Amino acid sequence: MGQKEFKIEFGGRDLIVKVGDLAELANGSCLLQYGNTSVLATVVMGEEKENLDYFPLVVNYEERYYAAGKILGSRYIRREGRPSDEAILTARLIDRAIRPRFPENLRRAVQVIITCLSWDEENDPDVIGLLAASISLLISDVPWSGPVMPLRVGEKDGKFIPNPTYIEREKSSLDLTLSALKDKEDFLINMIEAEGNEIEKEKVISAINWAKPYFETLYNFQNQIKEKEGREKIKIETKPIDPKLENKIKKFLGDRLEKAIFKEKKENRMEQIKEIKEALLEYIEKEFPDLEDESLVKIIFEKEVKNFFRQKILSEEKRPDGRKLDQIRNLRCQVGLLPRTHGSGLFSRGETKTLSILTLGAPGDVKLLEGMEYIGEKRFMHHYNFPPYSVGEVRPIRGPGRREIGHGMLVEKALRPVVPSSEDFPYTIRIVSEILSSNGSTSMGSVCSSSLALMDAGVPIKRPVAGIAIGLVSENRNYKILTDIQGPEDHYGDMDLKVAGTQEGITALQMDLKIKGVSIEIIKEALLRAKKARIQILNEIKKAISAPRKKLSPYAPKIFTLQIEPEKIGEVIGPGGSVIKKIIDQYGVAIDIEESGKIYVTSDSEEAGKKAISLIKNITREIKVGEVFQGKVIKILPDFGAIVEILPGQKGLIHISKLAPRRIKSVKEVVKVGDIVQVRVVSIDEQGRIN
């Protein structure tokens with residue numbers, strides 16, 4: 001068959017797609033190169049499974065260390081292990097963009113695998129991987145209505161730029177990743193992922209408008225590939241639904257749904273719906289004794305619940321708990337719940353409750369990162385836990401899943417712009433959010449409780465951050481935007497737009513959809529609604545704690561800093577680390593030394609920390625001629641003199657002729673090891689030796 005190559009210039013770099021015989025047994029595949037970053041995307045569809053009531057889509061993003069020319073991993077394994085957090089986040093980003101374009105009735109497993117084969121340290125494989133996935137799905141026989149057009153937008157010298165490099169992203173106030181679909185003559189947005197330095201919503205809208213010509217280029221390019229390489233799509237056969245069965249179900253439900261759905265408390269609502277469902281199954285079993293597939297009843301029931309829920313919002317603006325469309329649930333904020341932790345905050349929004357606990361650590365407590373894209377340290381971490389009791393379930397507790405990692409990182413992005421630099425606040429910071437009760441938008445609740453914990457701990461953040469989830473229910477041109485969505489509004493609605501930010505602007509955005517896409521007008525209105533809600537929540541946070549505490553918790557470690565000349569670092573460390581080990585053992589402290597000569601001493605005891613710092617100052621201080629010290633004799637040279645330690649790690653020689661006002665035959669006549677003697681520095685030679 002051979003490979004066919006398609007090439008365009010995009011954002012100042014060559015975008016090359018190769019379609020051919022690399023993964024012949026996959027339903028669709030392509031090799032995409034942008035700059036010198038290359039990814040292979042494959043899509044495979046499995047056989048149809050009976051009685052499946054969901055679409056089993058799996059998206060995997062695979063990092064390969066060889067792509068960056070590195071040999072990493074445990075020294076005893078030296079290969080890739082479980083996916084890194086960054087790989088999981090990339091997989092989730094791609095998933096959110098492609099998932100809505102599969103048919104609702106598809107019940108065959110689909111697996112999309114994107115493998116990074118080469119990485120040039122400039123072009124991030126995430127957007128490239130999403131484009132490769134779109135092309136592979138587009139040309140495959142898998143039923144999928146694409147393409148999607150992904151683009152990262154950055155800012156340079158006050159102007160937007162496409163697909164910025166890593167260095168350009170670091171200097172940009174906005175890092176915005178978009179995915180769009182063509183709808184007639186315009187483009188709809190179907191995925192947003194963004195991090196910003198307190199940016200205004202107008203900048204986000206301007207960036208989306210600016211991106212449209214790039215969407216057009218990618219749309220035409222993908223369709224060009226589809227025309228030449230696309231396969232005919234497999235048709236999905238759906239089981240016909242007996243009209244009599246459907247009518248019987250509708251008649252049975254009657255007004256039961258309204259009584260069940262419109263309950264303030266989630267527990268009551270779920271219990272009532274469960275009872276209706278069980279009663280319906282018993283009723284249908286009697287009415288249709290020959291019905292073989294019970295899943296049809298469940299499908300019709302779910303469809304009726306969804307339609308009923310949506311129509312109530314669209315026609316009557318009636319929400320399950322009786323709130324207005326722009327109304328937030330009851331808010332409650334509390335700090336200082338846990339006496340021995342360094343900081344804690346509880347945030348409640350209706351039945352959603354999140355508890356965030358903050359721990360301060362030494363500079364050496366940073367997380368060490370070793371991955372394909374990045375090797376370094378991380379001093380600010382947020383972790384998110386979603387235990388089964390938060391949704392009233394019983395299930396095994398395992399390590400964090402993709403959802404926990406994704407939500408944890410979203411909160412971390414939201415808080416990162418307000419966290420002080422290591423120069424201003426040298427502590428390592430870890431926040432853990434425990435979801436106590438879940439009924440919608442626990443990630444945005446975690447943003448709020450984490451802000452409370454930061455201020456309770458006395459971390460000097462710029463400003464508190466709050467988050468809110470905005471939903472959407474739409475039908476043709478009629479739509480309603482919902483503020484502060486809860487469980488059923490997320491499940492049966494069309495959009496989940498998470499917006500986090502401060503009083504000044506947006507710090508993080510994440511949007512995923514169940515529909516084709518949304519217009520810029522809807523995004524604009526949703527961001528406006530989010531700002532109003534965010535300010536309201538921030539006002540409640542300020543009632544609980546208006547600013548970071550002036551003092552850290554008495555249980556938090558104390559960090560003392562000292563700047564020394566870099567060439568004196570060796571004196572602090574000592575031969576084989578002897579000096580620094582002695583200080584650590586003597587005072588029970590942790591010591592971190594930077595190449596610049598900056599020293600951090602971390603201790604649970606302020607007194608011990610100060611003593612250690614004082615000792616290091618003495619070790620590194622510059623001795624001057626004429627100074628007088630009380631020195632300890634540490635070595636005898638019988639015919640030559642005595643070695644005296646005048647400061648920790650600093651020694652000098654008393655020549656035998658200076659030991660007494662008379663001539664002596666041996667040093668031992670005057671001093672012995674361990675004696676304390678008063679000495680005056682008379683000279684320091686060119687090699688730094690003290691006499």
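Residues numbered from 1 in each chain as written. Predicted model: local features only at pLDDT ≥ 70, side-chain atom pairs only at ≥ 80, totals over all residues. Heavy atoms only, no water.

(A) Structural view of helix H1 (residues 85–98). Helix length check: H1 (14 residues) gives 20 Å between terminal C-alpha atoms against 20 Å at 1.5 Å per residue, within 8%. Those residues of H1 not exposed but buried are Ala87, Ile88, Thr90, Ala91, Arg92, Leu93, Ile94, Asp95, Arg96, Ala97 and Ile98. (Helix = DSSP H or I, 4+ residues; strand = E, 2+ residues; numbered from the N terminus. Expected span 1.5 Å × (residues − 1). Buried < 20%, exposed > 50% of the residue type's maximum accessible area, 1.4 Å probe, protein only.)

(B) Representation of the nonpolar core within the structure. In this structure, Leu32, Phe102, Val110, Val112, Ile192 and Ile429 are the most contacted members of the largest nonpolar core, which totals 131 residues. In terms of residue count, helix H12 (residues 520–544) provides more of this core than any other element does, ten residues in total. Excluding anything up to four places from it in sequence, Phe102 contacts Phe55, Leu57, Val110, Leu137, Val142, Pro143 and Trp144. Counting 27 residues, the second largest nonpolar core, distinct from the first, contains Leu257, Ile276, Leu296 and Ile300. (Core = buried A, V, L, I, M, F, W, Y, C linked by side-chain atoms within 4.5 Å. Contact = heavy atoms within 4.5 Å.)

(C) Just the pairing of strand E25 (residues 628–637), in detail. With five bridges joining them, E25 and strand E28 (residues 676–680) adopt antiparallel strand pairing. Looking at E28, one finds that Phe629 is bridged to Val679. Count of turn residues in the E25/strand E26 (residues 641–647) antiparallel hairpin: three residues. (Pairing = 2+ DSSP bridges.)

(D) Summary view of the sheet that holds strand E22 (residues 558–563). Strand order in this open sheet of three strands is E22-E24-E23, and the pairing throughout is antiparallel. This sheet does not close on itself; its edge strands, each paired only once, are E22 and strand E23 (590–593). Taking the axes of each pair of neighbouring strands and ignoring which way they run, one obtains an average angle of 20° across the sheet. In the sheet, E23 pairs with strand E24 (residues 598–603) via four bridges, with the strands oriented antiparallel. For Ala590, the partnering residue across the bridge sits in E24 and is Thr602. Contacts between helix H15 (residues 606–620) and the sheet are confined to E22, E23 and E24, with E22 contributing the most and set at about 10° to the helix. (Axes fitted to C-alpha atoms, helices over the stretch in contact; angles between N-to-C directions.)

(E) Broad picture of the packing of aromatic side chains. Scanning the entire structure with this criterion turns up eleven aromatic pairs. With a centroid separation of 5.8 Å and an interplanar angle of 50°, the aromatic rings of Phe160 and Trp210 are classed as tilted. Taken together, the positions of Phe160 in strand E8 (residues 159–162) and Trp210 in helix H4 (residues 201–229) put the pair 50 residues apart, joining distant regions of the chain. Note on Trp210: relative accessible area 25%, which makes it partly exposed. Here a set of aromatic residues connected by ring pairs shows up, and it is made of Phe10, Phe160, Trp210 and Tyr214. Between the NZ or CZ atom of Arg75 and the centre of the ring of Tyr76, over which it lies, the distance is 5.8 Å. The ring centre of Phe252 lies 4.1 Å from the NZ or CZ of Arg256, which sits over that ring. (Phe/Tyr/Trp six-rings, centres within 6.5 Å; stacked < 30°, edge-to-face > 60°. Lys NZ or Arg CZ within 6 Å of the ring centre and 35° of its normal.)

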